[in-house]
Amino acid sequence: MDYSKYPAEPFRIKMVEPVKMVSKEERAAVAKESGYNTFLIPSKEVYIDLLTDSGTNAMSDRQWAGMMLGDEAYAGSRNFEHLESTVKELLGVKHVVPTHQGRGAENILSTIAIKPGQYVPGNMYFTTTRFHQEHNGGIFVDIVRDEAHDATIDVPFKGNIDINKLKKLIDEKGAESIAYVCLAVTVNLAGGQPVSMANIKEVSALCREHGIKVFFDATRFAENAYFIKEQEEGYADKTITEIVHEMFSYADGATMSGKKDGIVNIGGFLALNDEELFMAAKEMVVVYEGMPSYGGMAGRDMEALAIGLKESMQFEYIQHRVLQVRYLGERLLEAGVPIVEPVGGHAVFLDARRFCPHLEQKDFPAQALANELFIESGVRSMERGIVSAGRDIKTGENHTPKLETVRLTIPRRVYTYKHMDVVADAVIKLYNHKEDIKGLKFVYEPKQLRFFTARFEHI
Ligand code: PM9
């Protein structure tokens, strides 16, 4: 291993949680009992848990110390003051509305900023984000660049908005029919692909010209900033903090799941610059989340989030984070395993179409692959393909995304490079007998966000 390419963990471990591997027979029984849905597998049966990077982070000693400073007052908690001032300072936004997690912020933003029938263009969909947009009468339009839908095209800033798609939408439908542009930094379902500063700037300028607001899905903003520093001309000498500040200067606000780049286990917020929207958001937060000074979080959680946001922007941390993910991707590529390229910020995505060419998309290859990987190795991953995409709200037909993937999502500061090797070896082993992977069919399909609780059986 090249230590100059992949620096060691920039932390020492001072608390551990034992993990254990159950037998393959037990895992096969667990997978069946869990309806071949990795979301339904009990955590105690999992050896290495790469289901998600959401809320699965290891907090630092400073964050745990901050937890002891929790001010659990119902109103006016000093931890909210800390969180509010941190977000304002780091992101340069005017107002902060705390929420219990990202979808709480998405719910409020969609409720206050979308009129039924309005379009909500975005750089690829995200499950909960699109749900709230559609639930409020919005029509999601995908305006990500075409390359984002192709696992094999290795280009930088694959999460960029295709500015011509946005221009066309404005020309054809009129600026007033667009609620806002949702710009995700990074783009989760494209493979954690970043957006360049140039693209953010261009989108923002076009939107400002037409009076359209731009809201970031800022969930993985620090990872996005790292890619800008690493790959965009003119940013190599800027700090992550400076880059983040510039990114947000082009937005009107953001929804944020603190469970990712806030490096906490729960929490989120809605950031807004507009006074009127802020007042409207404050009216809604008391309905869905809690007082505008806690929004569904405990005081201690707000304190941990304030500290975590700062830590996520430290160069040594974010560099290790992104490179550890890349290491896993490169190990798989070297062995010829098909993955989404380039490797993004938070996860390695197996390309289930090429991994399981014997299965059609209607047979849920990614769902099947995720389950077989668990049975083979105890590594838990997540389907990000046709099952996650759900059904068209109007026609009831399945969305059929081009990307049919299994996401190996790396929690922050939790696993070591050795764990990455174990995961890579397990995937490579499975790849060598991939033709044994059998397709699945639904036995229970929930109406909303079906991937969370659906159940399957082998065809
Ligand atoms: N992302 C993830 O595993 C957790 C829920 S879906 C399995 O990737 C983006 C880009 C996300 C995201 C959550 C949310 C919602 C919004 N945008 O989970 O509600 O990746 O905090 O955030 C998950 P919350």
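Here the structure is shown first, and the text comes after it.
Residue positions are given per chain, counting from 1 as you read along its sequence in written order. Predicted model: local features are reported for residues with pLDDT of at least 70 only, side-chain atom pairs are reported and counted for 80 or more only, and whole-chain, interface and lining totals are derived from all residues. Calculated side-chain values reflect all of the structure's heavy atoms, with hydrogen atoms and water omitted.

### Topic: the sheet that holds strand E9 (residues 347-351)
The antiparallel open sheet is built from three strands, whose spatial order is E9-E12-E11. The outermost strands of the open sheet, each flanked by one partner alone, are E9 and strand E11 (382-384). Geometrically, the sheet is characterised by an average inter-axis angle of 35 degrees between neighbouring strands, direction not taken into account. Two strands make a pair as long as DSSP finds a minimum of two bridges between them. Strands are runs of DSSP state E lasting at least 2 residues, helices are runs of H or I lasting at least 4, and numbering of each runs from the N terminus. Inter-axis angles, ranging from 0 to 180 degrees, are taken between N-to-C directions of lines fitted to C-alpha atoms, where helices are fitted over the stretch in contact.

### Description of the packing of helix H3 (residues 78-91) against helix H9 (residues 240-249)
Packing of H3 against H9 leaves a shortest axis separation of 7 Å and a crossing angle of 90 degrees. One finds that H3 runs roughly perpendicular with respect to H9. Contact residues: Glu89, Leu90 and Leu91 in H3; Val244, His245 and Phe248 in H9. Throughout this entry, Asp, Glu, Lys and Arg are counted as charged residues, while Ala, Val, Leu, Ile, Met, Phe, Trp, Tyr, Cys and Pro are counted as nonpolar. The remaining residues, Gly among them, count as polar. Looking at side-chain class alone, the contact of H3 with H9 contains four nonpolar, one polar and one charged residues. An angle counts as roughly parallel when it lies under 35 degrees, as roughly antiparallel when it exceeds 145, as roughly perpendicular when it falls between 65 and 115, and as oblique in every other case. Only heavy atoms enter the contact rule, under which two residues are in contact if any of them lie within 4.5 Å.

### Re the pattern of salt bridges
One side-chain nitrogen of Lys or Arg within 4 Å of one carboxyl oxygen of Asp or Glu is enough to make a salt bridge. Counted according to the given criterion, the structure contains 28 salt bridges. Asp71 is paired through a salt bridge with Arg78; the nearest N and O atoms lie 3.7 Å apart. In the salt-bridge network here, residues are joined through shared partners; they are Asp53, Arg220, Glu223, Asp261, Arg321 and Arg412.

### Topic: helix H4 (residues 102-113)
Quick reminder: α-helices carry 3.6 residues per turn. Residues three or four places apart thus point the same way. Along its twelve residues, H4 runs 16 Å from first to last C-alpha, staying within 8% of the 16 Å computed at 1.5 Å per residue. For H4, the buried fraction is high: nine of the twelve residues fall into the buried class. Partly exposed describes any residue whose relative accessible area lies between the buried limit of under 20% and the exposed limit of over 50%, with all areas from a 1.4 Å probe on protein chains only and scaled to the type maximum. For H4, every residue scored as buried is listed here: Gly102, Gly104, Ala105, Glu106, Asn107, Ile108, Leu109, Ser110 and Ala113. Check the buried side of H4 and you find it contacts strand E2 (95-99), helix H5 (127-135), strand E6 (214-217), strand E7 (253-257), strand E8 (268-272) and helix H10 (275-288). In this scheme, a helix's expected span is set at 1.5 Å multiplied by one less than its residue total.

### Quick word on the environment of Glu457
Examined against the element boundaries, Glu457 turns out to sit in strand E14 (residues 455-458). Since its relative accessible area comes to 36%, Glu457 is described here as partly exposed. Distance from Glu457 to Glu360, taken between C-alpha atoms, is 16 Å for residues 97 residues apart in sequence. Residue contacts for Glu457: discarding those within four places in its chain leaves Tyr36, Gly439, Leu440, Lys441 and Val443.

### Notes on the packing of aromatic side chains
Centre distance and the angle of the planes are the two values used to describe a pair of aromatic rings. Stacked, tilted and edge-to-face are the three classes assigned to paired rings of Phe, Tyr and Trp, where Trp is represented by its six-membered ring and a pair needs centres within 6.5 Å; plane angles under 30 degrees give stacked, over 60 edge-to-face, the rest tilted. The tally for this structure, following the rule as stated, stands at 16 aromatic pairs. On the basis of an interplanar angle of 80 degrees and a centroid distance of 6.1 Å, the ring pair of Phe221 and Phe248 is categorised as edge-to-face. Of this pair, Phe221 sits in helix H8 (residues 221-231) while Phe248 sits in helix H9, placing them 27 residues apart in sequence. When sorted by exposure, Phe221 lands in the same class as Phe248, which is buried. With a centroid separation of 5.1 Å and 80 degrees between ring planes, the pair formed by Tyr327 and Tyr417 is classed as edge-to-face. With Tyr327 in helix H12 (residues 315-334) and Tyr417 in helix H16 (residues 417-431), this pair connects stretches of sequence that are 90 residues apart. By the burial criterion, Tyr327 is buried, and Tyr417 matches it. Among the aromatic residues, ring-to-ring pairing joins Tyr6, Tyr327 and Tyr417 into one connected group. Charge over a ring is defined by NZ of Lys or CZ of Arg lying within 6 Å of the ring centre and within 35 degrees of the ring normal. Over the ring of Tyr125 we find Arg130; its NZ or CZ atom is 4.2 Å from the centre of that ring. The positively charged end of Lys434 is found above the aromatic ring belonging to Tyr431, 4.4 Å away from the centroid.

### A short note on a nonpolar patch on the surface
Only residues whose relative accessible area exceeds 30% and that take part in no salt bridge are eligible for patches, with like-charged residues grouped when within 9 Å of each other and nonpolar side chains (Val, Leu, Ile, Met, Phe, Trp, Tyr) grouped when within 5 Å. Accessible surface is estimated by sampling points in the Shrake-Rupley manner with a 1.4 Å probe; for residues, cover comes only from the protein chains shown. Taken together, the side chains of Val286, Val287 and Tyr288 make up a nonpolar region of the molecular surface, amounting to roughly 300 Å² of accessible area. Mapped onto the fold, Tyr288 is located in helix H10.

### Some remarks on unusual backbone geometry
The omega torsion of the bond from Val185 to Thr186 falls at 0 degrees, within 30 degrees of zero and hence cis. The omega torsion across Glu341 and Pro342 is -5 degrees, close enough to zero to call that bond cis. Even without a glycine there, the phi angle at Tyr36 is positive, about 50 degrees. Within the fold, Tyr36 resides in the loop between helix H1 (24-33) and strand E1 (48-49). A relative accessible area of 8% means that Tyr36 is categorised as buried.

### Some thoughts on the state of the cysteines
Our working definition of a disulfide is a cysteine sulfur pair at a distance within 2.5 Å. Counted by the stated rule, this structure contains zero disulfides. Of all cysteine sulfurs, the one in Cys207 lies closest to Cys182, which takes part in no disulfide; the gap is 12 Å. Judged by its relative accessible area of 11%, Cys182 is buried.

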